[in-house]
Structures are given as C-alpha cells and as structure tokens.
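Here's the letter readout for the chains.
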Amino acid sequence: MYDPHPAAVGPGDLPAELRPLLERIAEQVHDTWAAGRMAEGWHYAPEHSAALRTHPCLRPYAELSDREKEYDRRTAAQTIRCLLDMGFEIRPAGGRQKEARDRVASDQAL
C-alpha cells in the first residue's frame, strides 16, 4: 500500500530570496491544474460538483483566497525544497532572465 511521506516544507522554510519564486511557481501549479481540468470539460461555478464538472477554483490564481492558494504554495515549496536537496542552486540569471521572459512571451504570442 502506498504511504507517502513528503517532507513538511512550507513557504517559511525556504530562503527569503526564494519566496517570490515560490509564489510564481504556485501560480503556475494552479494554472497547470486548471488547464488540465478545463481540457477534461470542467468549468467554473461557485459550487464544486464532480457530476457537473464544476469547481470554484477554476479562476485566476490572483482571485483565489489565501486558503485556496496554500495548496499551490505547499506544492511549490516542496518542489523548490526537492531541487535544493538534490544540490541544485536557484538564483537569478541576471540579464539572461529578462531575455528568457521576453522570448517566452513572444513565443506565446505566436
């Protein structure tokens, strides 16, 4: 029987310089979840219904309550902690960071 034991990591357990990254990853986690649900035919409604395929969290991350955002933040914190524990370094790429953002934005516009 599967018995998961993830490390208990929360946003406060990460270095302060990674907290803005945590929020951005949490937003991406939410967007990925929402896109998957929508691809399966789910849509927004104030009440969750598996039968009707409706969910109150199928809206932009910024519109979620802090309580709703906590699930995504925990997932993001676990992901960052896993990368750090594996020996990866997470740091801004300097000027390359803006170039990469601009490239992604232009790719998405196509």
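Residues numbered from 1 in each chain as written. Predicted model: local features only at pLDDT ≥ 70, side-chain atom pairs only at ≥ 80, totals over all residues. Heavy atoms only, no water.

So, about a nonpolar patch on the surface. Nonpolar side chains collect at one region of the surface, where Leu83, Met86 and Phe88 lie side by side and expose about 300 Å² of accessible area between them. Summarising the element assignment, Phe88 is placed in the loop between helix H2 (66–85) and helix H3 (95–109). (Patch = residues over 30% accessible without salt bridge, like charges linked within 9 Å, V, L, I, M, F, W, Y side chains within 5 Å. Areas by Shrake-Rupley, 256 points an atom, 1.4 Å probe, with all protein chains shown as cover. Salt bridge = Lys/Arg side-chain N within 4 Å of Asp/Glu carboxyl O. Helix = DSSP H or I, 4+ residues; strand = E, 2+ residues; numbered from the N terminus.)

A few words on H2. Along an α-helix, a turn takes 3.6 residues, which lines up residues three or four apart on a common side. Spanning 20 residues, H2 covers 27 Å between terminal C-alpha atoms, matching the ideal 28 Å at 1.5 Å per step. The largest bend along H2 reaches roughly 25 degrees and is located at Asp72. Those residues of H2 that fall on the buried side of the exposure criterion are Lys69, Asp72, Arg73, Ala76, Ala77 and Ile80. Elements that come into contact with the buried residues of H2 comprise helix H1 (19–39). Where H2 ends, the next residue or the one after it, Gly87, has phi of about 100 degrees, a positive value. (Expected span 1.5 Å × (residues − 1). Bend = angle between axes of the 7 residues up to and from the residue. Buried < 20%, exposed > 50% of the residue type's maximum accessible area, 1.4 Å probe, protein only. Contact = heavy atoms within 4.5 Å.)

The next thing to look at is the packing of H1 against H2. As a packed pair, H1 and H2 sit with axes 8 Å apart at the nearest point and diverge in direction by 115 degrees. Crossing angle aside, the handedness with which H1 passes H2 is right-handed. Between H1, through Leu21, Leu22, Glu23, Ile25, Ala26, Val29 and His30, and H2, the contact on the second element is made entirely by Lys69, Asp72, Arg73, Thr75, Ala76, Ala77 and Ile80. Of the residues contributing to the contact of H1 with H2, the split by class is 8 nonpolar, 2 polar and 4 charged. (Axes fitted to C-alpha atoms, helices over the stretch in contact; angles between N-to-C directions. Left-handed = near helix turned anticlockwise from the far one by under 90°. Nonpolar A, V, L, I, M, F, W, Y, C, P; charged D, E, K, R; others polar.)

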